[in-house]
Amino acid sequence: MPKAAKSRSGKAEKKTRQKKDPNAPKRGLSAYMFFANEQRDNVREENPGVSFGQVGKILGERWKALSDKQRAPYEAKAAADKKRYEDEKQAYNVSV
DNA sequence: ACGCTGATTGTTCAT
DNA sequence: ATGAACAATCAGCGT
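Predicted model, so just to flag it, every value in this text is computed and none were measured. (Residues numbered from 1 in each chain as written. Chains lettered and ligands numbered in written order. Predicted model: local features only at pLDDT ≥ 70, side-chain atom pairs only at ≥ 80, totals over all residues. Heavy atoms only, no water.)

(A) Focus on the layout of surface pockets. Size it by volume and the largest pocket reaches roughly 260 Å³. In terms of residue class, the lining of the largest pocket is made up of 3 nonpolar, 1 polar and 5 charged. (1 Å grid on protein atoms, 1.4 Å probe; cavity = no way out; pocket = protein on both sides within 12 Å on 5 of 7 lines; lining within 4 Å. Points joined across faces, edges and corners; volume = space filled by probe spheres on them. Nonpolar A, V, L, I, M, F, W, Y, C, P; charged D, E, K, R; others polar.)

If you want it as structure tokens, here you go:
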């Protein structure tokens, strides 16, 4: 492990951040995004009727509930996605 | 050299 | 269309 920095570095509130770069090389998704993509239907299946208030939180709990290797596939996608972002970021630097 | 912050990503649900 | 919890991210920048 690199360094345990702080819980969640920055980010105080959250309101549709805006971009500041010219080509804004968005970034890659996050392991949670991939995990949610698969779990969303699964979790909602096991928790029918639960509103975002529950599903949303439950989803987060389950996410970490998975074994490190279980989230591995999601992390793998996150990493692969990051590469995708790497490409746009590259074009962004060349664009400038 | 070093650390930080900000921006972003996608889900669900409601309004 | 958007926001809000939920989590990860991680790249660029400044001092």
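(B) Region of interest: the protein's contact with DNA strand B. In the neighbourhood of DNA strand B, 19 residues make up the surrounding shell, with Arg 17, Lys 19, Met 33, Arg 44 and Phe 52 lying closest. For DNA strand B, the backbone portion of the atoms within 4 Å of the protein, that is sugar and phosphate, comes to 64%. At 3.5 Å, a side-chain N or O of Arg 27 approaches a base nitrogen of DNA strand B. Here a phosphate oxygen of DNA strand B sits 2.5 Å away from a polar atom, N or O, in the side chain of Arg 44. Class assignment of the residues belonging to the surface near DNA strand B gives a composition of 5 nonpolar, 6 polar and 8 charged. (Near = heavy atom within 4 Å. Polar contact = N/O pair within 3.5 Å; in protein donor to acceptor, adjacent residues only side chain to side chain.)

(C) Just the packing of aromatic side chains, in detail. Counted according to the given criterion, the structure contains 5 aromatic pairs. On the basis of an interplanar angle of 50° and a centroid distance of 5.6 Å, the ring pair of Tyr 32 and Phe 35 is categorised as tilted. Separated by 3 residues within a single helix, Tyr 32 and Phe 35 lie in helix α1 (residues 31–46), roughly one turn from each other. Plain terms: the ring middles of Tyr 32 and Trp 63 are 6.1 Å apart, the flat faces sit at 75° to each other, and that makes the pair edge-to-face. (Phe/Tyr/Trp six-rings, centres within 6.5 Å; stacked < 30°, edge-to-face > 60°. Helix = DSSP H or I, 4+ residues; strand = E, 2+ residues; numbered from the N terminus.)

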